[in-house]
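# Breakdown of the fold
Residue-level listing of the chains:
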Amino acid sequence: MTSAWSRRTFLATSAALTATAALTPPASAASPSASPTADPYAALRTTWSALILGEGFSPTAEPFKSRLAELGAKARGLLETMAPVDGSLWPDAVFADPDPDTDAESYVLSGRMADSFVRLTTMAQAYRRQGTGLTGNTGLRDAVLTGLEHLNSQVYNDGQSRYGNWYSWQIGAPQALLDVCVLMHDAIAPERLARYCAAVDHFVPDSAVSSYTGTSTGANRVDLCRVLALRGVVGGTAAKIALARDALSPVFPLVTRGDGLYADGSFIQHTTVPYTGSYGSVMLGGLGMLFALLKGTAWEVTDPQRQVVFDAVENAWAPFLFNGLVMDGVAGRAISRGESDDHRRGHPVLASIVLLGQGASAAENTRWRSLVKGWAQRDYYSPPLDNPSLGLTALARIKNVLDDASLTPAPEPDGHRLFPDMARSTHRRPGWAASLSMADRRITYYETGNGENLRGWHTGSGMLYWWGDTFANGQYSDAFWPTVDPCRLPGTTASRKVLANGAGGDWGASLPDVNWVGGVTDKKRAAVGQYLKGLSSTLTAKKSWFFLDDTVVCLGAGIRSRDGALVETTVDNRNLGPAGNAPFTVDGSAKPLTVPWSATLTGASWAHLAGHGGYVFPGGAAVKALRENRTGRWRDINTGGSTDPVSRKYLTLWFDHGEDPSDAAYAYQLLPGASEQRTAARAADAGWLRVLANTDGRQGVAVPSLGLTAVNFWFGGSVGPLVADAPCSVMVTEHTDGTATVCVSDPMRMRTSLTLTWNRAVASVVSKPATVTSVTTGASLRLVFGDLSGTRGATQTIRVRLS
């Protein structure tokens, strides 16, 4: 087929733009083509226009004025370069596939097809929005209409078979197409709208949501429902809107396997990948928009189980938000996308929470807006209003919250959250926060796919992220992923065996054959453990983390490997930015600022990195240190990334376990934000921490000043005052009021019985869960548990009164 327009026509139109003076009113004030009461679809189009264009902001006020001008400039550039020919709408976006299938080339080509629709959406928004310099421009309008026709005649029609990525045909392209149809509805002839709707029906038939399986779950299901709902709006088809509403219902209930939200706050997509910060963000935003679109209509979402989504704002999303960023440990392969980072991924979540609040209770809405205000105000590193990738609608929602003088910003919470169903945990203390990523037989080592996250091999091997309240918020944002040594991720134990890009397979295919991953928490402190098996490696290890008030105590034991390669445990690997001149001190001795610099710190008791925190090595340890400059490219970890080199300086500390270790171990304390003086004082206080065990069978600590004893029993046995007859995780805390809390879990989810003895005089049991079938008190406490296999690794809490 040939293009309806020639390139000469487009150039002529572009030259005439400056003479165009037509303007349209703002989207929120635009008159629908018919009275909303007479035409419910017109009312829905008005609502959707406001949702995607934004409302309640002045186009002459910053930051909107500049952003609107940027939108106009982008649209002008798209118009000037648009050149419809066979196989493309833009010369740099060829979509014709000479060999249509599902190989990598076809994936790229289908992505360009979808991107062509996205570009038309950009142009349509520039036409509809005030302040773009192209508002109401007839030349731009005609270009958008011709672009729609070209794509329909060339590729996106009811006679075309899809190729490449299913997502491009069922979500990417139709969402953008339908958005344009809403924005330009009055300018599109009915016959054309009918053809566009027929194309959507072809690629996204009703059967796409007939079963909650495959690519029709979680965030993908919400996206498909958005397509169906807007298809109904554009085509005036009530049944499509009703189908979209009803097809949302499987998303709401808590799940116990596969994709979706779990009772413990986990969110899984692609069956095995923790995805709260990426696919979870898409789901949250999509639900917020659909709830808002259908509110007050005949198709309003009334399923009572939607409350599960509202509850998840604080149960699932809030724990992974910190100062405006969303933690990388729940972002999957999105960490490899150079155009984004943890802050830029976090800001849309904030905006989605604000939108979702409009459909929640008044109390929830106020509470969430206070949370968002706190996160947004504290994001000193990357303020949301400066985020160039944040859409105008999201920008307006966040600014509205920031400008709301009636709101008191909510502070970061204090405490621990454990997510056994996705092998993650978060820990918050005044001044800092941390997050831990692990893997087990249900949760993948890492996800790669579509050529993304090619070297995320060890991100599930106990990676320990941490941030300060007013420092180091750019630690993983500032080109960390393309420049960090992927075998020295902080907290991990890894073999330096050479792995191929994408080792283990796409879409989270590789799962370690281990069960013991999880722990216990009293919601303030926690004991967490991971039986580690290396990806494509013979490496095995037992790793434990004890999350306390000002420190994380890290233990490792039973470290073995036969790969013929070095095995290392990385204490930390701090991104020092381009300059990288943070002073580093070991046992009071300042080390060189020169790059490169390296040393083996023999008998080191403590170390301190200025502007970051301290590290304590109980009893002294041999630790290797390296200050280096590392250069990489986003293309190294993502085939769609930039080829421009980027460089960052790092300070790395690690234990070198040697080649093929047979029973190596390590122990250290991480003290985020600690001063040099406090770090030295902690190292000098030999009685503060007692390492009760650090073996292949058991790992445990006691901190007398906290009244705390915590043990991860990899096998049954005795550690300090605790005796267990089977694998479990235990944390006991004695309180100053004469009571104690005993926390127990079955991380393996296999125990049909468990007996735990605490050799401490106990007068009585104040409370216990139903899983405790027998209690004996007196000179010691003996707890007999029944079947724990159904508790999903959740903490069982027993409160006792001491003698």
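The rules we used
- Residues numbered from 1 in each chain as written.
- Predicted model: local features only at pLDDT ≥ 70, side-chain atom pairs only at ≥ 80, totals over all residues.
- Heavy atoms only, no water.
- Phe/Tyr/Trp six-rings, centres within 6.5 Å; stacked < 30°, edge-to-face > 60°.
- Helix = DSSP H or I, 4+ residues; strand = E, 2+ residues; numbered from the N terminus.
- Buried < 20%, exposed > 50% of the residue type's maximum accessible area, 1.4 Å probe, protein only.
- Lys NZ or Arg CZ within 6 Å of the ring centre and 35° of its normal.
- Salt bridge = Lys/Arg side-chain N within 4 Å of Asp/Glu carboxyl O.
- Expected span 1.5 Å × (residues − 1).
- Polar contact = N/O pair within 3.5 Å; in protein donor to acceptor, adjacent residues only side chain to side chain.
- Axes fitted to C-alpha atoms, helices over the stretch in contact; angles between N-to-C directions.
- Parallel < 35°, antiparallel > 145°, perpendicular 65-115°, else oblique.
- Left-handed = near helix turned anticlockwise from the far one by under 90°.
- Contact = heavy atoms within 4.5 Å.
- Nonpolar A, V, L, I, M, F, W, Y, C, P; charged D, E, K, R; others polar.
- Pairing = 2+ DSSP bridges.
- Core = buried A, V, L, I, M, F, W, Y, C linked by side-chain atoms within 4.5 Å.

Under the criterion given, the structure shown has 27 aromatic pairs. When the ring of Phe-310 is compared with that of Trp-368, the centres are 6.1 Å apart and the planes differ by 50°; the resulting orientation is tilted. Here Phe-310 is found in helix H11 (residues 307-317), whereas its partner Trp-368 is found in helix H13 (residues 362-378), with 58 residues between them in sequence. Residue Trp-368 is classed as buried on the basis of its relative accessible area, which comes to 1%. By way of ring pairs, the aromatic residues Phe-322, Tyr-465, Trp-467, Tyr-476, Phe-480, Trp-481 and Tyr-650 are connected into one cluster. Its guanidinium or amino end placed over the ring of Trp-90, Arg-119 lies 5.2 Å from that ring's centre, counting from NZ or CZ. Above the ring of Trp-466, the side-chain terminus of Arg-574 is found at 3.6 Å from the ring centroid.

One side chain can pair with another of opposite charge once the charged atoms of both are near each other. The full count for this structure, using the stated rule, is 40 salt bridges. Across the pair Asp-115 and Arg-119 runs a salt bridge, and its minimum N-O distance is 2.9 Å. Within this pair, Asp-115 and its partner Arg-119 are both found in helix H4 (residues 104-128), separated by four residues, close to a single helical turn. Arg-337 is paired through a salt bridge with Glu-452; the nearest N and O atoms lie 2.8 Å apart.

Another aspect to go through is helix H5 (residues 138-154). Between the first and last C-alpha of H5 there are 24 Å, a value that for 17 residues agrees with the 24 Å anticipated at 1.5 Å per step. Most of H5 sits out of view: 13 of its 17 residues are buried. Backbone nitrogen of Gly-139 and a side-chain oxygen of the N-cap are separated by 2.9 Å at the start of H5; the cap is Asn-137.

Okay, the packing of helix H10 (residues 279-294) against H11 next. Between H10 and H11, the shortest axis-to-axis distance is 12 Å and the interhelical angle comes to 150°. Looking at the two axes, H10 sits roughly antiparallel to H11. The element H10 and its partner H11 pack so that their crossing is left-handed. Contacts between H10 and H11 involve Gly-280, Ser-281, Met-283, Leu-284, Leu-287 and Phe-291 on the former and, on the latter, Val-309, Phe-310, Val-313 and Trp-317. Taken together, the residues of the contact of H10 with H11 break down into eight nonpolar, two polar and no charged.

With respect to the helices, strands and loops of the structure, Ala-604 is situated in strand E18 (residues 597-609). Given a relative accessible area of 1%, Ala-604 falls into the buried group. If near-sequence neighbours (up to four positions away) are discounted, Ala-604 is found in contact with Val-586, Asp-587, Phe-617, Gly-620 and Ala-621.

Turning next to the side chain of Ser-435. Within the fold, Ser-435 resides in strand E8 (residues 432-437). A distance of 3.4 Å separates a polar atom in the side chain of Ser-435 from the backbone oxygen of Ser-425. In contact with Ser-435, other than residues within four places in its own chain, are Phe-320, Met-327, Ser-425, Thr-426, Met-463, Leu-464, Tyr-465 and Trp-467.

To summarise the sheet geometry, strands pair through backbone hydrogen bonds and adopt either a parallel or an antiparallel arrangement. Sheet architecture is open: five strands sit in the order E25-E26-E29-E32-E31, paired in antiparallel fashion. Both outer strands of the open sheet, strand E25 (717-719) and strand E31 (772-776), are each paired with one neighbouring strand and no more. When the angles between neighbouring strand axes are averaged without regard to direction, this sheet yields 15°.

The next thing to look at is the packing of helix H6 (residues 166-183) against helix H7 (residues 190-203). Following both chains from N to C, one finds H6 and H7 inclined at 160°, their axes separated by 10 Å at the closest point. Taken together, H6 and H7 sit at an angle that is classed as roughly antiparallel. Judged by the sense of rotation from one axis to the other, the crossing of H6 with H7 is left-handed. In this structure, H6 uses Trp-169, Gln-170, Pro-174, Leu-177, Leu-178 and Cys-181 to contact H7, whose residues at the interface are Leu-193, Tyr-196, Val-200 and Phe-203. Residues that form the contact of H6 with H7 fall into these classes: nine nonpolar, one polar and no charged.

A few words on the environment of Arg-574. Position of Arg-574 among the secondary structure elements: in strand E15 (residues 566-575). Arg-574 gets classed as buried once you look at its relative accessible area, which sits at 0%. Residues contacting Arg-574, with those up to four places away along its chain left out, are Trp-466, Ala-472, Gln-475, Tyr-476, Leu-609, His-612, Tyr-615, Lys-649, Tyr-650 and Leu-651.

Of all 15 residues in strand E20 (residues 645-659), 11 are buried, a share of seventy percent or more. The pairing of E15 with E20 spans eight bridges and is antiparallel. Bridged to Asn-573 within E20 is Thr-652. Note: strand E19 (residues 613-633) against E20, 10 bridges, orientation antiparallel.

Now for the nonpolar core. Counting 194 residues, the largest nonpolar core has Met-123, Tyr-156, Trp-481, Phe-584, Phe-617 and Leu-653 as the members making the most contacts within it. Setting aside its immediate chain neighbours within four residues, Leu-653 contacts Thr-569, Thr-570, Val-571, Asp-572, Phe-584, Leu-601, Ala-607, Tyr-615, Val-623, Lys-624 and Ala-625. Residues Val-730, Leu-754, Val-800 and Leu-802 belong to the second largest nonpolar core, which totals 25 residues.

The strand order E22-E23-E24-E27-E28-E33-E30 describes an open sheet built from seven strands, whose pairing is antiparallel. At either margin of the open sheet sits one strand with a lone partner, and together these are strand E22 (690-694) and strand E30 (762-767). The sheet shows a mean angle of 15° between the axes of neighbouring strands, taken without regard to direction. Relative to strand E23 (residues 698-703), E22 is paired through four bridges, and the arrangement is antiparallel. If you follow Asn-694 over to E23, its bridge partner there is Gln-699.

Looking now at the side chain of Ser-495. Mapped onto the fold, Ser-495 is located in strand E10 (residues 493-495). Accessibility expressed as a relative area gives 4% for Ser-495, which makes it buried. Engagement of the side chain of Ser-495 in a polar contact is seen with the backbone nitrogen of Lys-497, the distance being 3.0 Å. A polar contact is formed between the side chain of Ser-495 and the side chain of Asp-563, at a distance of 3.0 Å. When residues no more than four places from it in sequence are discounted, the contact partners of Ser-495 are His-458, Cys-487, Ser-537, Leu-539, Asp-563, Ala-565, Leu-566 and Val-567.

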